[in-house]
Amino acid sequence: MNQGLAPCDKLVRQHDIPEGLLDESWEVGRLVLDPQYRSGFESLKRLLFLSLVDVLDEHPVDNLFASCSPVLSRLYRRFGFSVLVKDACEDAEGSYSLIHGHVPEVLRALAVTAKERAQVDRILALRHAKEALPC
């Protein structure tokens, strides 16, 4: 984000978003799952977890953004996100909220199994160690 390419960039510029939340930010609102593989809440949770772990392997990401309907914003809260701006935009289908998630909280919320929780602990420890290194 912050380069004018992600759809959430426009919403972020229109609203007063704290500056620190834009550091190392990515939009996650455009993940697509083929309808034949949609089987409910757990599928989306698993897809988000696997996608985020994969992205973190290659990119420094601290903040996640998405624009979504009120129904989806309630679902994303279960994944560690919070609503930054309710009714941030509107179209013919209704209003959309701008949501934000901080990577450590989202990873912890998405990890289901003991193995995933251990993986999250390793990822976060490695990130912390990299941040502590002198430049």
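Our subject is the structure listed above.
Read on for a plain summary of the structure. (Residues numbered from 1 in each chain as written. Predicted model: local features only at pLDDT ≥ 70, side-chain atom pairs only at ≥ 80, totals over all residues. Heavy atoms only, no water.)

### Concerning the overall build of the chain
Counting its regular elements, the chain contains five helices and four strands. For the chain, the α and β elements follow one another from N to C terminus as α-β-α-β-α-β-β-α-α. A compact globule built from 135 residues should have a C-alpha radius of gyration of about 14 Å, and the chain, at 15 Å, falls within 12% of that. With the C-alpha coordinates aligned to their principal axes, the bounding extent of the chain is approximately 45 × 40 × 20 Å. Considering only residue pairs separated by 6 or more positions, the chain has 66% of its internal contacts joining residues 24 or more positions apart. As presented, the chain carries roughly 8,500 Å² of accessible surface, and 54% of it is formed by carbon and sulfur atoms. (Helix = DSSP H or I, 4+ residues; strand = E, 2+ residues; numbered from the N terminus. Rg over C-alpha atoms; globule rule 2.2 N^0.38 Å. Contact = heavy atoms within 4.5 Å. Areas by Shrake-Rupley, 256 points an atom, 1.4 Å probe, with all protein chains shown as cover.)

### Let's talk about the sheet that holds strand β4 (residues 94–102)
Pairing in this open sheet of four strands is mixed, and the strands run β1-β2-β4-β3 from one edge to the other. On the outer flanks of this sheet lie β1 (25–27) and β3 (81–91), each paired with one strand and no other. Strand after strand, the sheet turns through a mean of 25° between neighbouring axes, direction not considered. Inspection of the sheet shows β1 paired to strand β2 (residues 63–68) by three bridges, in the parallel sense. When the sheet's bridge partners are listed, Trp 26 is paired in β2 with Leu 64. Strands β2, β3 and β4 of the sheet are contacted by helix α4 (residues 103–110), whose axis makes an angle of about 95° with β4. (Pairing = 2+ DSSP bridges. Axes fitted to C-alpha atoms, helices over the stretch in contact; angles between N-to-C directions.)

### Re the environment of Pro 18
Looking at where Pro 18 falls in the secondary structure, it is placed in the loop between α1 (7–14) and β1. Considered as a pair, Pro 18 and Pro 70 are 52 residues apart in the sequence and their alpha carbons are 22 Å apart.

### Considerations on the pattern of salt bridges
One pass over the full model with this rule turns up two salt bridges. As a salt-bridge pair, Glu 116 and Arg 46 come within 2.1 Å of each other at their nearest N and O atoms. In this pair, Glu 116 is assigned in helix α5 (residues 114–132) and Arg 46 in helix α2 (residues 41–58), connecting sequence segments 70 residues apart. By relative accessible area, Arg 46 is classed as partly exposed at 39%. (Salt bridge = Lys/Arg side-chain N within 4 Å of Asp/Glu carboxyl O. Buried < 20%, exposed > 50% of the residue type's maximum accessible area, 1.4 Å probe, protein only.)

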